[in-house]
Amino acid sequence: MHLATYLGLLHTSLQTLADAFREVAKGHGDEPDIHHTCQVLAKRLDGQAEKLGPIVERYGEHRESEPERLHAAEFSETRSGGVGLLRDLQDLYALASFTDITWTVVGQAAQGLRDKELLDVVSSCEQDTARQLTWLKTRIKQSAPQALIAARG
């Protein structure tokens, strides 16, 4: 069974995404909504990882490096200015999308296994991830005109 591989991917992606949200919060502290919301979302991701704990104990996990490679390529440091914020938000969106599709894959395995506990965790966490993606998309839409048209330099 390869569920352990995807549980490892999921666990790593949750931690990577939480760290990335914290980095963006710190790097764009001059934007109060960014700082606060990114901190809140990072804590929610920590909660998702905790919910995954009993599942990992049951099925095991095999850690993969893909989310870490993605994180290393995109978040060595946050960028500055309006365009920098926009690009950092896009990077967060890419990481959150990776996490979202990984929840989907794990959810399909949970259905196949008829594992109610895992199905409940997936359902709850997929909803959280969907909210993260919605906030990111909304904030990207809000930032884009100012960063791409109105800002100079």
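Residues numbered from 1 in each chain as written. Predicted model: local features only at pLDDT ≥ 70, side-chain atom pairs only at ≥ 80, totals over all residues. Heavy atoms only, no water.

### A few points about the overall build of the protein chain
Consideration 1: Helix and strand content of the protein chain: five helices and zero strands.
Consideration 2: Its helices and strands in sequence order give the protein chain the pattern α-α-α-α-α, from N to C terminus.
Consideration 3: Per-residue burial for the protein chain yields a buried fraction of 42% across its 153 residues.
Consideration 4: In the protein chain, once contacts between residues fewer than 6 apart in sequence are set aside, the share between residues at least 24 apart is 80%.
Consideration 5: For the protein chain, the accessible surface area stands at approximately 8200 Å², while carbon and sulfur atoms represent 52% of it. (Helix = DSSP H or I, 4+ residues; strand = E, 2+ residues; numbered from the N terminus. Buried < 20%, exposed > 50% of the residue type's maximum accessible area, 1.4 Å probe, protein only. Contact = heavy atoms within 4.5 Å. Areas by Shrake-Rupley, 256 points an atom, 1.4 Å probe, with all protein chains shown as cover.)

### Things to note about the environment of Leu45
Consideration 1: Position of Leu45 relative to the elements: it lies in helix α2 (residues 32–59).
Consideration 2: With residues up to four places along the chain from it excluded, the contact list for Leu45 reads Leu14, Leu17, Ala18, Phe21 and Gln132.

### Considering the side chain of Ser143
Consideration 1: By the secondary structure assignment, Ser143 is in helix α5 (residues 116–150).
Consideration 2: Residue class for Ser143 comes out buried when judged on its relative accessible area of 8%.
Consideration 3: Discounting chain neighbours no more than four positions away, the residues touching Ser143 are Leu85, Leu86 and Leu89.

### Topic: the confidence of the model for the protein chain
Consideration 1: Taken residue by residue, the protein chain gives an average pLDDT of 88. The fraction at 70 or more is 87%.
Consideration 2: Mean pLDDT across the elements of the protein chain bottoms out in helix α3 (residues 66–74) (56) and peaks in α2 (95). (pLDDT = per-residue confidence, 0-100.)

### Brief notes about the packing of helix α4 (residues 81–113) against α5
Consideration 1: Contact geometry of α4 with α5 gives a least axis separation of 9 Å together with a crossing angle of 160°. Relative to α5, the element α4 is oriented roughly antiparallel. Taken as a pair, α4 and α5 cross one another with a handedness that is left-handed.
Consideration 2: Of the residues contributing to the contact of α4 with α5, the split by class is 22 nonpolar, nine polar and four charged. (Axes fitted to C-alpha atoms, helices over the stretch in contact; angles between N-to-C directions. Parallel < 35°, antiparallel > 145°, perpendicular 65-115°, else oblique. Left-handed = near helix turned anticlockwise from the far one by under 90°. Nonpolar A, V, L, I, M, F, W, Y, C, P; charged D, E, K, R; others polar.)

### Quick word on the side chain of Asp115
Consideration 1: Its location among the elements puts Asp115 in the loop between α4 and α5.
Consideration 2: At a separation of 2.3 Å, a polar atom in the side chain of Asp115 contacts the side chain of Arg58.
Consideration 3: Not counting residues up to four positions away in its chain, the partners in contact with Asp115 are Arg58, Tyr59 and Ala110. (Polar contact = N/O pair within 3.5 Å; in protein donor to acceptor, adjacent residues only side chain to side chain.)

### Some words on α2
Consideration 1: Given a rise of 1.5 Å per residue, 28 residues ought to cover 40 Å, and the 41 Å separating the end C-alpha atoms of α2 matches this to within 8%.
Consideration 2: Its axis deflected by about 35° at Gly53, α2 carries its strongest bend there, up to four residues before the proline Pro54.
Consideration 3: Turning to α2, its buried residues are Ile34, Thr37, Cys38, Leu41, Ala42, Leu45, Gln48, Ala49, Leu52, Ile55 and Val56.
Consideration 4: Looking at the buried side of α2, the elements it contacts are α1 (3–27), α4 and α5.
Consideration 5: One or two residues past the end of α2 sits Gly60, with phi positive at roughly 80°. (Expected span 1.5 Å × (residues − 1). Bend = angle between axes of the 7 residues up to and from the residue.)

### Focus: the nonpolar core
Note that soluble globular proteins tend to have their nonpolar side chains buried in a common cluster.
Consideration 1: Core analysis: the biggest nonpolar cluster contains 38 residues, and Phe21, Cys38, Leu52, Leu89, Leu92, Trp103 and Trp135 have the highest contact counts within it.
Consideration 2: Non-local contacts of Trp103, meaning those with residues more than four positions away in its chain, are made with Leu10, Leu14, Gln48, Leu52, Val121, Val122, Cys125, Glu126 and Thr129. (Core = buried A, V, L, I, M, F, W, Y, C linked by side-chain atoms within 4.5 Å.)

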